[in-house]
Amino acid sequence: MSLHGDYDPDNIFAKILRGEIPCAKVYEDDICLSFMDAFPQSNGHTLVIPKAVTARNFLELPTDMIGPYMQRVQMIAKGVTKALSPDGVIITQFNGSAAGQTVFHLHFHIIPRQSGESLGFHAAGEMADMTELKALAEQINAAL
Ligand code: 5GP
């Protein structure tokens, strides 16, 4: 999928937003939904997606949504950091498949890093255990 194109209402995150696919929910309000990445690159890998928009990537996010959405990204990153005490945290997102994007509904990744631990592959490997993801989600939610 290129950087430009139409929003696919059947992308996996749209289905999660509609409740058609389960997720380990961290937080939700009128602006965003946050949940655990099902193929985590590290323990605590969390995603934050905007609601009520059809933005495939950051370039398509309406300007007036940037502030409210990025406030949530920061709030949840603080929660991840408080809950899991990582040595560092990656906050990132990809725009277009050439940049590494695989799901075409805007999302930010929050990826805790521990010194000396290697980073898992992006969007690859085995799906994580949902019970473990839900426990992590609760732990992060409690730290918000
Ligand atoms: P992207 O490659 O678009 O930047 O990131 C998409 C992310 O979504 C990847 O990190 C991938 O592991 C994650 N992902 C893919 N399918 C699912 C799913 O069904 N549920 C959840 N929670 N995460 C998913």
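For the structure itself, look to the data block above.
Thresholds, definitions, all that
Residues numbered from 1 in each chain as written. Predicted model: local features only at pLDDT ≥ 70, side-chain atom pairs only at ≥ 80, totals over all residues. Heavy atoms only, no water. Helix = DSSP H or I, 4+ residues; strand = E, 2+ residues; numbered from the N terminus. Contact = heavy atoms within 4.5 Å. Lys, Arg positive; Asp, Glu negative; His and termini not counted. Charge placed at Lys NZ, Arg CZ, Asp CG, Glu CD. Polar contact = N/O pair within 3.5 Å; in protein donor to acceptor, adjacent residues only side chain to side chain. Pairing = 2+ DSSP bridges. Axes fitted to C-alpha atoms, helices over the stretch in contact; angles between N-to-C directions. Phe/Tyr/Trp six-rings, centres within 6.5 Å; stacked < 30°, edge-to-face > 60°.

Caption draft 1: Representation of the overall build of the chain. Broken down by element type, the chain carries 3 helices and 5 strands. The helix and strand sequence of the chain, counted from the amino end, reads α-β-β-β-α-β-β-α. Along the three orthogonal principal directions, the C-alpha set of the chain runs to about 40 × 30 × 25 Å. In the chain, 63% of the contacts between residues at least 6 apart in sequence involve partners at least 24 apart. For the chain, the separation between the mean place of its 10 positive charges and that of its 16 negative charges on side chains is 5 Å.

Caption draft 2: Seen up close, the side chain of S34. Locating S34 in the fold gives a position in strand 2 (residues 32–36). Polar side-chain contacts of S34 include one of 3.0 Å to the backbone oxygen of L47.

Caption draft 3: Quick look at the side chain of K51. Positionally, K51 belongs in the loop between strand 3 (46–50) and helix 2 (63–84). Looking at K51, its side chain comes within polar contact range of the side chain of E28, at 2.9 Å. Setting aside its immediate chain neighbours within four residues, K51 contacts L17, E28, D29, D30, I31, C32, L33 and M65.

Caption draft 4: Region of interest: the sheet that holds strand 3. A sheet is described by the order of its strands in space; here 5 strands give the open sequence 1-2-3-5-4, paired in antiparallel fashion. Each of the sheet's edge strands pairs with one partner strand only, and the pair in question is strand 1 (25–28) and strand 4 (88–92). Adjacent strand axes in the sheet meet at a mean angle of 15° when their direction is disregarded. Pairing between strand 3 and strand 5 (residues 108–113): 3 bridges, direction antiparallel. Bridged to V48 within strand 5 is F108. Packing of helix 2 onto the sheet brings it into contact with strand 1, strand 2, strand 3, strand 4 and strand 5, and relative to strand 5 it is tilted by some 20°. Contacts from helix 3 (residues 130–142) reach strand 1, strand 2 and strand 3, with the element oriented near 40° to strand 1.

Caption draft 5: Up close: the packing of aromatic side chains. Tallied over the entire structure, the rule returns 3 aromatic pairs. Ring centres of Y69 and F108 lie 5.8 Å apart, and the angle between their planes is 70°; on these two criteria the pair is classed as edge-to-face. Within this pair, whereas Y69 is found in helix 2, its partner F108 is found in strand 5, the two being separated by 39 residues in sequence. Members of the aromatic cluster, joined through ring pairs, are F58, Y69 and F108.

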